[in-house]
Amino acid sequence: QVALSLVLLVTAGLLLRSFRNLASADIGFDANQVLVVNANLFAAKIPESDRTATYDRIGAELRALPGVVSAARSMTTPLGDSQWNTVIHSDAPHRLVGEDNTAYFNFVDPDYFATLRTPLLAGRNLSAADSANSQPVAVINQSLARKFFPDVNPIGRTFRPEGGARKLDPPVEVVGIAKDAKYESVREETYPTVFRPIAQVAENHADNFEVRTALPPATMRKAIQAAIAGVNAAIPIEIHSLAAQVDDSMTRERLLAALSAFFG
């Protein structure tokens, strides 16, 4: 019994240390004081021609709320339940082949990095000038810069997403480099990630808003609900904190550590 207890206690200690390391790891963004708001315009049956304007109105209403520091819009949220990836081909002298070319994508507005407090390390941010009629651009993370553009400055370089009509599209120019941030899991080796402007790529496929607040996030829920209802009361919304989303991604480690400690 002593031997078994000792094994369980040692295992619990190792699992607790693993959980503590995950909880204290640098995830590349600040999840505190941020609410994730999903506004489902598809469920509200808003015509496609009106969706961009509706998203813009929601963003403006959220930014105008007392207690809101900033608000951004994106296709996916960090450590969320959705992802998008595809093969890309860069113009770097060193070319990758096969599945090594895979990169993950997010489609964001210019306020995304400031709202999540993900630092830009080189180049420039996305801007309102990056429209559907301008040169296709992207901000990439450090992992993509190292993997796809080794030994060269990625700023000003280009890449093309593979497949379909994209072969006919102009190449995408890299205009900035952002600090690495976790995409799908705290446990992952950070994926090479591309951030494209919503206006250029997926203007009707990004229904998540990240809202950074100066007040306790829980106190902002009713105001956010009222603001979106003021735009269109038929839009169903879901609200939760980004900190809770990060916490949920570590449920397995927490459970294993607690069970081992309990039985020990």
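Residues numbered from 1 in each chain as written. Predicted model: local features only at pLDDT ≥ 70, side-chain atom pairs only at ≥ 80, totals over all residues. Heavy atoms only, no water.

Asks: For this particular structure, what's the right way to read the overall build of the protein chain?
Replies: Regarding its fold elements, the protein chain presents seven helices and 11 strands. The buried share among the 264 residues of the protein chain stands at 45%. Once local pairs closer than 6 in sequence are excluded, the contacts in the protein chain between residues at least 24 apart make up 79%. Approximately 13200 Å² of the protein chain is accessible, and the part contributed by carbon and sulfur atoms is 55%. (Helix = DSSP H or I, 4+ residues; strand = E, 2+ residues; numbered from the N terminus. Buried < 20%, exposed > 50% of the residue type's maximum accessible area, 1.4 Å probe, protein only. Contact = heavy atoms within 4.5 Å. Areas by Shrake-Rupley, 256 points an atom, 1.4 Å probe, with all protein chains shown as cover.)

Asks: Got a minute to help me understand the packing of helix α2 (residues 48-64) against helix α5 (residues 221-231) in this structure?
Replies: Geometry of a packed helix pair, given as the angle between the helix axes and the separation of the axes. Remark: α2 packs on α5, axes separated minimally by 9 Å, with the N-to-C direction vectors making an angle of 145°. Every pair of crossing elements has a handedness; the one defined by α2 and α5 is right-handed. Residues Thr-54, Arg-57, Ile-58, Glu-61 and Leu-62 of α2 form the contact with α5, whose own contacting residues are Ile-224, Ala-227, Ile-228, Gly-230 and Val-231. Partitioning the contact of α2 with α5 into residue classes produces six nonpolar, two polar and two charged. (Axes fitted to C-alpha atoms, helices over the stretch in contact; angles between N-to-C directions. Left-handed = near helix turned anticlockwise from the far one by under 90°. Nonpolar A, V, L, I, M, F, W, Y, C, P; charged D, E, K, R; others polar.)

Asks: Just checking my understanding: could you explain the packing of aromatic side chains for this structure?
Replies: Centre-to-centre distance and the angle between the planes together describe a pair of aromatic rings. This model, assessed by the stated rule, comprises 10 aromatic pairs. With centroids separated by 5.5 Å and ring planes inclined at 85°, the aromatic side chains of Tyr-112 and Phe-113 adopt a geometry described as edge-to-face. Considered together, Tyr-112 and Phe-113 belong to a single accessibility category, that of buried residues. Between Phe-113 and Phe-195, the ring centres sit 5.0 Å apart and the planes meet at 75°, which makes this aromatic pair edge-to-face. Separated by 82 residues along the polypeptide, Phe-113 in helix α3 (residues 112-116) and Phe-195 in strand β9 (residues 193-197) bring together distant segments of the chain. You'll find Phe-113 and Phe-195 in the same group, each marked buried. (Phe/Tyr/Trp six-rings, centres within 6.5 Å; stacked < 30°, edge-to-face > 60°.)

Asks: Would you mind showing me how to read the pairing of β9 here?
Replies: A regular strand places its side chains so that they alternate between the two faces of the sheet. In terms of burial, β9 is a largely internal element, five of the five residues being buried. Burial of the side chains of β9 extends over both faces: Thr-193, Phe-195 and Pro-197 are buried on one face and Val-194 and Arg-196 on the other. Pairing between strand β4 (residues 102-108) and β9: five bridges, direction parallel. Across the sheet, residue Phe-107 finds its bridge partner in β9, namely Arg-196. With two bridges connecting them, strand β6 (residues 137-141) and β9 associate as antiparallel partners. (Pairing = 2+ DSSP bridges.)

Asks: Is there a simple way to explain the environment of Glu-162 in this structure?
Replies: Within the fold, Glu-162 resides in the loop between β7 (158-161) and β8 (172-178). On the basis of relative accessibility, which here comes to 38%, the residue Glu-162 falls in the partly exposed class. Residues Glu-162 and Val-87 lie 75 residues apart in sequence; the distance between their C-alpha atoms is 5.5 Å. Ignoring sequence-local partners within four residues, the contact set of Glu-162 consists of Thr-86, Val-87 and His-89. Within the structure, Glu-162 has its side chain in polar contact with the side chain of His-89 (distance 2.8 Å). (Polar contact = N/O pair within 3.5 Å; in protein donor to acceptor, adjacent residues only side chain to side chain.)

Asks: What's the story with α5 in this structure? I'm lost.
Replies: Side chains that are three or four residues apart share a direction in an α-helix, a result of its 3.6 residues per turn. Among the residues making up α5, those that are buried are Ile-224, Ala-227, Ile-228 and Val-231. Across the axial projection of α5, the buried residues extend over an arc of 90°, all falling on one side. Looking at α5, the residues exposed on the side facing more than 90 degrees away from the buried face are Lys-222 and Gly-230. In this structure, the buried residues of α5 make contact with β1 (34-39), α2, β10 (208-213) and β11 (237-241). (Arc of directions from axis to C-beta.)

Asks: Before we go on, may I ask you to explain the pattern of salt bridges in this structure?
Replies: Between side chains of opposite charge, pairing is possible as soon as their charged atoms come close. Taken as a whole, this structure holds eight salt bridges when the rule is applied. For the salt bridge of Asp-111 with Arg-63, the shortest nitrogen-to-oxygen distance reads 3.2 Å. Of this pair, Asp-111 sits in the loop between β4 and α3 while Arg-63 sits in helix α2, placing them 48 residues apart in sequence. (Salt bridge = Lys/Arg side-chain N within 4 Å of Asp/Glu carboxyl O.)

Asks: Honestly, unusual backbone geometry in this entry has me stumped. Any pointers?
Replies: Peptide bonds are mostly trans, and most non-glycine residues show a negative phi. The phi dihedral of Leu-79 is positive, around 60°, even though this residue is not glycine. Mapped onto the secondary structure, Leu-79 falls in the loop between β2 (68-74) and β3 (85-90). Residues other than glycine seldom take positive phi values, yet Asp-151 does so here, at roughly 65°. Relative to the elements of secondary structure, Asp-151 occurs in the loop between α4 (142-148) and β7.

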